[in-house]
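A closer look at the structure
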Amino acid sequence: MKYSFIVPVFNRPDEVSELLESLCSQTVKDFEVIIVEDGSRKTCKGVCDKFASILDLHYYYKDNSGPGQSRNYGAERSRGEWLIILDSDVVLPADYLSSVECRVQDSNLKELVAWGGPDAAHESFTPVQKAISYSMTSFFTTGGIRGGKKKLDKFFPRSFNMGIRRDVYLQLGGFSKMRFGEDIDFSYRIVEAGHQPQLIPEAWVWHKRRTDFRKFFRQVYNSGIARINLEKRHPGTLKLVHLLPTVFTLGVFALILTGAFGRIMMVYGEPADFRLWYWVVIAALAPIFLYSLLIFADSARKNRSVHVGLLSIPAAFTQLVGYGLGFLESWWKRCVLKQDEFQAFEKTFYK
């Protein structure tokens, strides 16, 4: 057995059905699929049973422990030479595994130990999903650090689309017990062990991400929490670009408060100062308006949809502000109150 797909699942049977259907269409067939149900109330057992005669499929149910430990559970029961970690909300194009196979067999390139691939939005995705996908991959929100660019000096795969040689996975002990950011922690440990994960641009996936802004906020909030925890585990990994969402968040709040104060002074202040406070309001809200206009124009062009362009504005603000607030909470608890990682977030559960 050459490849083992390992997929942790939590209350998402419909997504698993689409993923398994896409795996049936792979042009390379030398693989098994391991589905690990992580304590779900709404299981995908029935879905897996439908594909059991088509795929080399193994279904396991376990108590909830989070995605990292569920991946380890699946890895322990896998047989593949290569382990491919996927999220349950991805769909693979038919040539995904053949793209990986070409890279694995290409002896002219640097030895492959671990890899990752980019993601994209499918035409069938809802406008909200497309807006969220844009926000998570746009230069104007993430700065282009989430992969998909060959020019990156270092590439750190994420768990929605990650592959690694089995012996290296076992050598590193798999994923840690971090609540959030366990995939980046794993990528850091791969590099610290002397390996360099590589980007395979052709091995991309369609990634649904979250289906509404509330769930998206929770996801990016947790990512903000993870960044401080990652710096504590891997000193020196916190870069300037990781601070930008927090700076953005504080800046937006400051501009809104300034604009609100200016509006109050327009109503209750001295009449002679009305024009001054009017321009204060304009100056405070102009950066927010211009940034929104930039996001709208870029997303509408890329998605060829005014609707998606408009939805990309709240998606971008949700992402940056959610991440920024999570970062600030984690900074306060870990750096000011000096709480340890698990004490600080013991009431936060895997979602």
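Please refer to the structure higher up on the page.
Everything in this summary refers to the structure shown in the same document. A quick note: this is a predicted structure, and the numbers were derived from the prediction, not measured.

Thoughts on unusual backbone geometry
- Positive phi, close to 60°, is recorded for asparagine 11, a residue that is not glycine.
- Note that asparagine 11 resides in the loop between β1 (3-9) and α1 (13-24).
- Taking relative accessible area as the criterion, asparagine 11 reaches 22% and is therefore assigned partly exposed.
- The phi dihedral of lysine 338 is positive, around 65°, even though this residue is not glycine.
- Looking at the element boundaries, lysine 338 is found in the loop between α12 (306-336) and α13 (341-344).
- For lysine 338, a relative accessible area of 61% puts it in the exposed group.

Remarks on the nonpolar core
- Core analysis: the biggest nonpolar cluster contains 32 residues, and Leu20, Ile35 and Tyr96 have the highest contact counts within it.
- Mapped onto this core, the elements with two or more residues apiece are β1, α1, β2 (31-38), α2 (45-51), β4 (82-86) and α4 (96-105).
- For leucine 20, the contacting residues outside a window of four places in its chain are Val33, Ile35, Val47, Cys48, Phe51, Leu55 and Leu57.
- Judged by nonpolar contacts, the second largest core, of 14 residues, contains Ala75, Ile164, Tyr169 and Leu172.

Here's the deal with the packing of helix α9 (residues 213-233) against α12
- Across the interface, α9 lies against α12 with an axial gap of 7 Å and an inter-helix angle of 35°. The interaxial crossing formed by α9 with α12 has right-handed handedness.
- Its residues placed into classes, the contact of α9 with α12 shows 15 nonpolar, 8 polar and 4 charged.

Quick look at the pairing of β2
- For β2, the tally of buried residues reaches 8 of 8 residues, placing the bulk of the element in the interior.
- Where the polypeptide runs from β1 across α1 and back to β2, its parallel neighbour, the crossover connection is right-handed.
- Pairing analysis gives 6 bridges linking β2 to strand β3 (residues 57-62), with the strands arranged parallel. For aspartate 38, the partnering residue across the bridge sits in β3 and is lysine 62.
- For the segment spanning β2, α2 and β3, crossover handedness is right-handed.

Definitions and cut-offs
- Residues numbered from 1 in each chain as written.
- Predicted model: local features only at pLDDT ≥ 70, side-chain atom pairs only at ≥ 80, totals over all residues.
- Heavy atoms only, no water.
- Helix = DSSP H or I, 4+ residues; strand = E, 2+ residues; numbered from the N terminus.
- Buried < 20%, exposed > 50% of the residue type's maximum accessible area, 1.4 Å probe, protein only.
- Core = buried A, V, L, I, M, F, W, Y, C linked by side-chain atoms within 4.5 Å.
- Contact = heavy atoms within 4.5 Å.
- Axes fitted to C-alpha atoms, helices over the stretch in contact; angles between N-to-C directions.
- Left-handed = near helix turned anticlockwise from the far one by under 90°.
- Nonpolar A, V, L, I, M, F, W, Y, C, P; charged D, E, K, R; others polar.
- Right-handed = clockwise from strand over helix to strand, strands pointing away.
- Pairing = 2+ DSSP bridges.

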